[in-house]
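Structural features, examined
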Amino acid sequence: MSTTGEGSTSDPPVRLSLPLEYEQDIFHSLRAEDALVILARGLGLLRLVTNLLHSYDAAGNNLILLVGADERENGWIGEALAEQAAVSGSPKCRGLKLVNTDLMSVGTREKLYAGGGTFSITSRILIVDFLSGLLDASTVTGMLVLHAERIGATSQEAFIVRMFRQKNKNGFLKAFSDQPEPFTAGYQPLTTILRNLFLRKPILYPRFHVTVAQSLEGKRKAEVIELEVPMTDSMRAIQNAILECVEVSISELKKGNLGLEMEDWTLDSALHRSFDTIVRRQLDPVWHRTSFRTKQIVRDLSLLRTILHSLLTFDAVSFNKYLDTVLAASSPPPGSTRQSQSPWLFLDAAHTLFDSAKRRVYTGKITESANGNDTDGLHPVLEEMPKWSLLAEILEEVEQDMYFNPTPLDESNGSILIMCGDQGTCRQLREVLQTMHAVRDDIINGDVEANGDDEDIVEERKAANANFMMRRKLRNYLQWKRDFARVSSNLFAENQKAINGTSSHGSGQSSRGRAPPNKRRRMRGGGNTSNINRTASGSIHVAGDKDAHIQSLMNELAPEETTDAAAKLDLGADPLENMEDYYELYPMQDVVLVHPYDGDMDDHLLEEVKPRYVIMYEPDAAFIRRVETYRSSHRNRQVRVYFMYYGGSVEEQRYLSSVRREKDSFTKLIRERGNMALTFGQEAANLDPQESFLRTVNTRIAGGGRLAATAEPPRVVVDVREFRSSLPSLLHGRNMVVVPCQLTVGDYILTPQICIERKSIKDLISSFNDGRLYNQAETMFQHYASPMLLIEFDAQKAFTLEPFADLSQTIGTSSLVGSDLQSKLVILCLAFPKLRIIWSSSPYQTAEIFAELKKTQEEPDPIRAVSIGLVAGEDTEGRTFNQTPQDMLRAVPGVTGKALQRLTLEYENVLAVANADGDELAGLIGGEKSRQLRAFFDRSVWDVESLD
């Protein structure tokens, strides 16, 4: 199970947990040279990274950086490194140290770096430490970069790698990814990412790689039983209806947007989660000119895909309940125009969808009589999911197998692991397993008359079904529907806001009118089922319930079922003394664990649980490979896998499509690797000093300019909070020295006279709303001769203010949205006539503008830039504050920029500010500001006018 790594004669050998041949091949290749590893999902990427880190950690005297790991991956890698260090017994192993918060002081980080070891650092902190000199890149032994598919030209990880390579030519650099699809989008994507990472060699290991296939398909191959579950007729009819609605919506989308590239706008691609992103990315540049109908269809496609997924995961009652919510959110109140409704609601397929979903729950002919008590023929149907009965059969088969083979002949512990797609499905299956043998109380007590059906009663007692659970869900659904009419009229207005984003579509009175509180959708009669009833506006008429009908269904349900045995637990306090005398652990062969798919965490789950039987309730290609890897890595652990999927369903199609897309992506990568040109990068550090000096000469002396020549590169002082954006990386790429500082005034200091406050569009809107921008402009004018406001747009979106509006805008005011932001900018310019506004279409253009502004100008002083705006005697080094309380206080009336600084220095937390005396606050921030602040905190949470 382990191989011996590199070690000295005095130290114990480094033991690695890489039992499979392809893992050993990748490990040796990475130890030999730098490369980008692209691995198929489920083949143990984190285990490979952990062993590679352990091989360097055990050698000692190293400073290794792990970049791009999220919190869960840090936990995984840290635990695995500690375990391997214990197995190897190497005295030099130090484990993984996390540097992932701004609360860790500068001195603490400096001591950690000086001591060496393996560090997982967030990108923003590492950038600041590299630029400030707190961590010298030349002392770093090497760097490992996870999630290489996310690295773009302007990403923080690319910035880190560039700084690392400029000062360190000998340190190793390895990059990893298990998602091949992003590497195939665009022109030569693999070459581009390799250039961003300063790497030359890609290592590709798909599932069909010869070594991988030999490792996973040998004698220790896992036993996989494939089970195709047929859908019910109702489920198939609903699925076909949803697919028809999706197809019509895509065709409508194509008709309204003829100028866009629509090759990927197909029914097959619409089933994947990334379809919304693809469509929105293409529409973003013209989103402000996009019609409301197009925006509505884009949202409808996302909604229909969610409905399609819910059909195969929700039970019949929950699915019908979800459709009620969808219909209420998509159907406007009376008096609205037809154009404001979702187009797919007018299709016959929509009627089939809602009607079939209702008939899966209950059926019956409902006729409206004068007294509303005509309830003849109503009865629950409560269609169960087909997988539930198959799951019960599998568990029975497993129980029989364990009965005839009570003692396993291997290291497996006999437990059963059921894997699902999400937590919601896990809760559903737990409820099914807990109640599938429950029987109605009236049957148990003998209250039901047999009438010759004794055999049926006996069968109901024995058979495993979800009838008990479904009847309880129906009862809860009917109670929910009684209260649903109170809020359903508000859902449409909220849905309209969501379609338009921050602004809403002006639809006249349709958005402001509300449905009457007693409005109910009428149920169609059963006389002529071929005719589809529609409302006055043309949308479909869906079967609904009046209060009398709901009450009739409530009465039909047995009231004895309301008591659940699991709900009678006594939850009193128990110190659990002498616990071993009264409790014991379940034997593992009696444990059924229901767990959702969790990516790389599933490898730990398999190692810890050691299941004998694995039931895949939903298909997942990556988990199948994890089971194959687990089985091939352990000779003495037998695994039987039951693989369940709905035949002819979207679930099967989505699974096959994902496997095909991954295979096609690897095929394209292999082809590109074969045709890839070898890139030799020219580093700026290798330039001749004389040539570097001549490049800084400015010969444009017209208009009062002066001839300047200096070998010192241009310098920009940048606020540390700005490193979330890509602009500092682009400035560094233009051979500017970026100096990170904690600035009080401005975001970028270009010269001793030029101070720039950068605002994205969303930040600009919020700054106008809370008045923060006026305070920032005022402080800039107090300390700098040429303050400027930079308004930076997204490179992928339109270079215009039309798409943006205040978040406070309501429906019916869309005509005011376009001019609102411009008018606020005009007011700002009138208040500060000398304020210069820079319009930039992208960060690339901003970097060019900064380079032009710095020509023939003096360089800024970082120490002076930091000291500007500080209170006398304030420490400029240790100013580290939590941003969240500051953001909260900034939104309080009366709290300006200077007031916020004084409150932050004076009080420990927001609670202390809220409890501060008014006179004390007046002496600190002024009388008027203190009155506004106290009035805000003293205001009652109750609406006094409504109470009166």
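Not measured: the values here are computed from a predicted model.

1. Topic: the overall build of the protein chain
- Each helix and strand in the protein chain was counted, giving 37 helices and 22 strands.
- Across the 948 residues in the protein chain, those meeting the buried criterion constitute 48%.
- Partitioning the intrachain contacts of the protein chain with sequence separation of at least 6 by distance along the chain shows that 74% fall at a separation of at least 24.

2. Digging into the sheet that holds strand β21 (residues 786-792)
- Read from one edge of the open sheet, six strands run β18-β17-β19-β20-β21-β22, paired in mixed fashion. Strands with a single pairing partner mark the edges of an open sheet, and in this sheet they are β18 (737-741) and β22 (836-840).
- Across seven bridges, the pairing between strand β20 (residues 754-760) and β21 is parallel. In the strand pairing of β21, I756 is matched with M788.
- In the packing of helix α28 (residues 772-783) onto the sheet, contacts are made with β20 and β21, and the angle to β20 comes to roughly 165°.

3. Concerning the nonpolar core
- Counting 101 residues, the largest nonpolar core has L36, I77, F130, M143 and F176 as its most contacted members.
- Among the elements that line this core, the one with the most residues is helix α2 (residues 45-57), at seven residues.
- Leaving out residues up to four positions away in the same chain, M143 has contacts with L65, V67, F130, I160, V161, F164, F172, L173 and K174.
- In this structure, L227, V317, F319 and M436 belong to the second largest nonpolar core, which totals 71 residues.

4. Brief notes about the sheet that holds strand β4 (residues 63-67)
- If you trace the seven strands from one edge of the open sheet to the other, you get β5-β6-β4-β7-β8-β3-β9, paired in parallel fashion. With one partner strand each, in any of the chains shown, β5 (96-99) and β9 (202-205) form the two edges of the open sheet. Here the strands of the sheet are splayed against their neighbours by 20° on average, with no regard to which way each runs.
- Here β4 pairs with strand β6 (residues 117-121) via five bridges, running parallel. Note on β6: the bridge partner recorded for I64 is T118.
- On top of the sheet, α2 reaches β3 (35-39), β4, β6, β7 (142-145) and β8 (172-177); it is set at about 165° to β8, its chief contact.
- Strand contacts of helix α6 (residues 156-167): β4, β7 and β8, with the helix running at about 165° to β7, the strand carrying the most contacts.

5. A short note on the pattern of salt bridges
- Taken as a whole and judged by the stated rule, the model has 35 salt bridges.
- Note that R41 and E181 form a salt bridge whose closest N and O atoms lie 2.9 Å from each other. Here E181 lies in the loop between β8 and α7 (189-197) and R41 lies in the loop between β3 and α2, a separation of 140 residues in the sequence.
- Overall, R41 belongs to the partly exposed group, its relative accessible area being 25%.

6. Some thoughts on helix α24 (residues 650-675)
- With 26 residues, α24 ought to run about 38 Å at 1.5 Å a step, and its terminal C-alpha atoms sit 37 Å apart, in line with that.
- For α24, the complete set of buried residues consists of V650, E651, S657, E662, S665, F666, L669 and E672.
- Sitting at the amino-terminal end of α24 is S649, which places a side-chain oxygen 3.3 Å from the backbone nitrogen of E651.

7. Some remarks on the environment of M419
- Relative to the helices and strands, M419 is located in strand β13 (residues 416-420).
- The spacing of M419 and Y597 is 178 residues in sequence and 6.3 Å in space, taken between C-alpha atoms.
- Setting aside anything within four residues of it in sequence, one finds M419 in contact with H595, P596, Y597, D602, L605, V614, I615, M616, Y617, E618 and F623.

8. Overview of the environment of S760
- Here S760 shows up in strand β20.
- Classification of S760 by relative accessible area gives partly exposed; the value is 29%.
- Taking C-alpha positions, S760 is 8.3 Å from L790, a pair spaced 30 residues apart along the chain.

9. A look at the packing of helix α12 (residues 316-330) against helix α13 (residues 348-359)
- Contact pair α12 / α13: the axes reach a minimum separation of 9 Å and the direction vectors enclose 145°. In this structure, α12 meets α13 at a crossing whose hand is left-handed. Contacts between α12 and α13 involve F319, N320, L323 and L327 from the former and L353, F354, A357 and K358 from the latter.

10. Points about the packing of aromatic side chains
- Using the criterion set out here, one finds 14 aromatic pairs in the structure.
- A network of ring pairs unites the aromatic residues F768, Y774, F781 and F832 as a single cluster.
- Sitting over the face of the ring of Y56, R31 holds its NZ or CZ atom 4.4 Å from the ring centroid.

11. Focus: a negative patch on the surface
- A grouping of E906, D917, D919 and E920 is seen on the molecular surface, where their side chains present a negatively charged patch.
- Locating E920 in the fold gives a position in helix α35 (residues 918-925).

12. Remarks on helix α22 (residues 601-609)
- Burial runs high along α22: seven of the nine residues are buried.
- Residues of α22 that are buried include every one of M601, D602, D603, H604, L605, L606 and V609, and no others.
- Looking at the buried side of α22, the elements it contacts are α2, α3 (71-88), β13, β14 (592-596) and α23 (621-633).
- With its phi angle positive at about 55°, K610 sits one or two positions after the end of α22.

13. Describing unusual backbone geometry
- Phi is positive for H147, close to 55°, though the residue is something other than glycine.
- Mapped onto the elements of the fold, H147 is located in the loop between β7 and α6.
- Of note, F198 is a non-glycine position whose phi angle comes to about 55°, a positive value.
- Residue F198 is classed as partly exposed on the basis of its relative accessible area, which comes to 31%.

14. Some points on the pairing of β13
- A large share of β13 lies buried, amounting to five of its five residues.
- Side chains I416, I418 and C420 of β13 all project onto a buried face; the interleaved residues L417 and M419 project onto the opposite face, where all are buried too.
- Across five bridges, β13 lies against β14 in parallel orientation. Opposite M419, over in β14, you have H595 as the bridge partner.
- For β13 and strand β15 (residues 613-616), the ladder comprises four bridges, and the chain directions are parallel. Within the sheet, the bridge partner assigned to I416 lies in β15 and is Y613.

15. Section: the environment of F119
- Among the secondary structure elements, F119 is positioned in strand β6.
- The class for F119 is buried, based on a relative accessible area of 0%.
- In this structure the C-alpha to C-alpha distance between F119 and L65, which are 54 residues apart in sequence, comes to 5.0 Å.
- If we skip the residues at most four places from it in the chain, F119 touches L63, I64, L65, L66, L96, K97, V99, L112 and Y113.

16. Focus on the pairing of β15
- Judged by which residues are buried, β15 turns out to be covered on both faces: Y613 and I615 on one side and V614 and M616 on the other are all buried.
- Here four bridges tie β15 to strand β16 (residues 640-647), and the two strands are oriented parallel to one another. Its bridge partner being in β16, V614 is matched across the sheet by V641.
- Regarding topology, α23 serves as the crossover connection from β15 to the parallel β16, and that connection is right-handed.

17. Quick look at the confidence of the model for the protein chain
- Looking at the protein chain, pLDDT values average 75 and 71% of them are 70 or higher.
- Contacts for the low-pLDDT stretch residues 1-9, under 50 throughout, to residues beyond four places or in other chains number 19 contacts.

18. What to know about the packing of α2 against α3
- Orientation of α2 relative to α3, taken along the N-to-C sense of each, is 50°, at an axis distance of 9 Å. Considering their axes alone, α2 and α3 lie oblique with respect to each other. Crossing geometry of α2 relative to α3 is assigned as right-handed. Every residue of α3 that contacts α2 at L46, R47, V49, T50, N51, L53 and H54 is listed here: E73, W76, I77, A80, L81, Q84, A85 and S88.
- For the contact of α2 with α3, the per-class residue count stands at eight nonpolar, five polar and two charged.

The rules we used
In this numbering scheme, every chain counts its residues from 1 along its sequence in written order. Whole-chain, interface and lining totals are the exception, using all residues; otherwise, since this is a predicted model, local features are given only for residues with pLDDT of at least 70 and side-chain atom pairs are given and counted only at 80 or more. As a rule here, side-chain values cover all heavy atoms of the structure and leave hydrogens and water aside. Strands are runs of DSSP state E lasting at least two residues, helices are runs of H or I lasting at least four, and both sets are numbered from the N terminus onward. Exposed residues in this analysis have more than 50% of their type's maximum accessible area, buried residues have under 20%, and partly exposed residues fall in between, with area computed by a 1.4 Å probe over protein chains only. The contact definition used throughout considers only heavy atoms, calling two residues in contact when any of these lie within 4.5 Å. DSSP bridges decide pairing: two strands pair if at least two such bridges lie between them. Fitted lines through C-alpha atoms give the axes, limited to the stretch in contact for helices. The angle between two N-to-C directions lies from 0 to 180 degrees. Buried Ala, Val, Leu, Ile, Met, Phe, Trp, Tyr and Cys residues that are joined via side-chain atoms within 4.5 Å together make up what is termed a nonpolar core. We count a salt bridge whenever a side-chain nitrogen from Lys or Arg sits within 4 Å of a carboxyl oxygen from Asp or Glu. Working rule for helices: expected span equals 1.5 Å times residues minus one. For the purposes of these results, a polar contact is taken to be a pair of N or O atoms within 3.5 Å, where, inside protein, one atom must be able to donate a hydrogen and its partner to accept one; residues adjacent in sequence count only when each atom of the pair is a side-chain atom. Here is the rule for handedness: rotate from the far helix to the near one, and if that takes an anticlockwise turn smaller than a right angle the crossing is left-handed, while a clockwise turn gives right-handed. Centres within 6.5 Å are what make two rings of Phe, Tyr or Trp a pair, Trp counting through its six-membered ring; a difference in plane orientation under 30 degrees is then read as stacked, over 60 as edge-to-face, and the rest as tilted. Our definition puts a charge over a ring when NZ of Lys or CZ of Arg is within 6 Å of the ring centre and also within 35 degrees of the ring normal. Think of a patch as exposed residues, more than 30% relative accessible area, with no salt bridge, where like charges cluster within 9 Å and nonpolar side chains (Val, Leu, Ile, Met, Phe, Trp, Tyr) cluster within 5 Å. Only the protein chains shown count as cover for residues, with accessible areas throughout obtained via the Shrake-Rupley method and a probe of 1.4 Å. The charged-residue count follows a simple rule in which Lys and Arg add positive charge and Asp and Glu add negative charge, with His and chain termini not counted at all. All charge positions are set by atom: Lys at NZ, Arg at CZ, Asp at CG, Glu at CD. Seen with its strands pointing away from the viewer, a crossover is right-handed if its path from the first strand over the helix to the second goes clockwise. Looking at any residue, its pLDDT shows the predictor's confidence there, from 0 to 100. An angle counts as roughly parallel when it lies under 35 degrees, as roughly antiparallel when it exceeds 145, as roughly perpendicular when it falls between 65 and 115, and as oblique in every other case. Polarity classes work like this: nonpolar for Ala, Val, Leu, Ile, Met, Phe, Trp, Tyr, Cys and Pro, charged for Asp, Glu, Lys and Arg, and polar for all others, with Gly in that last group.

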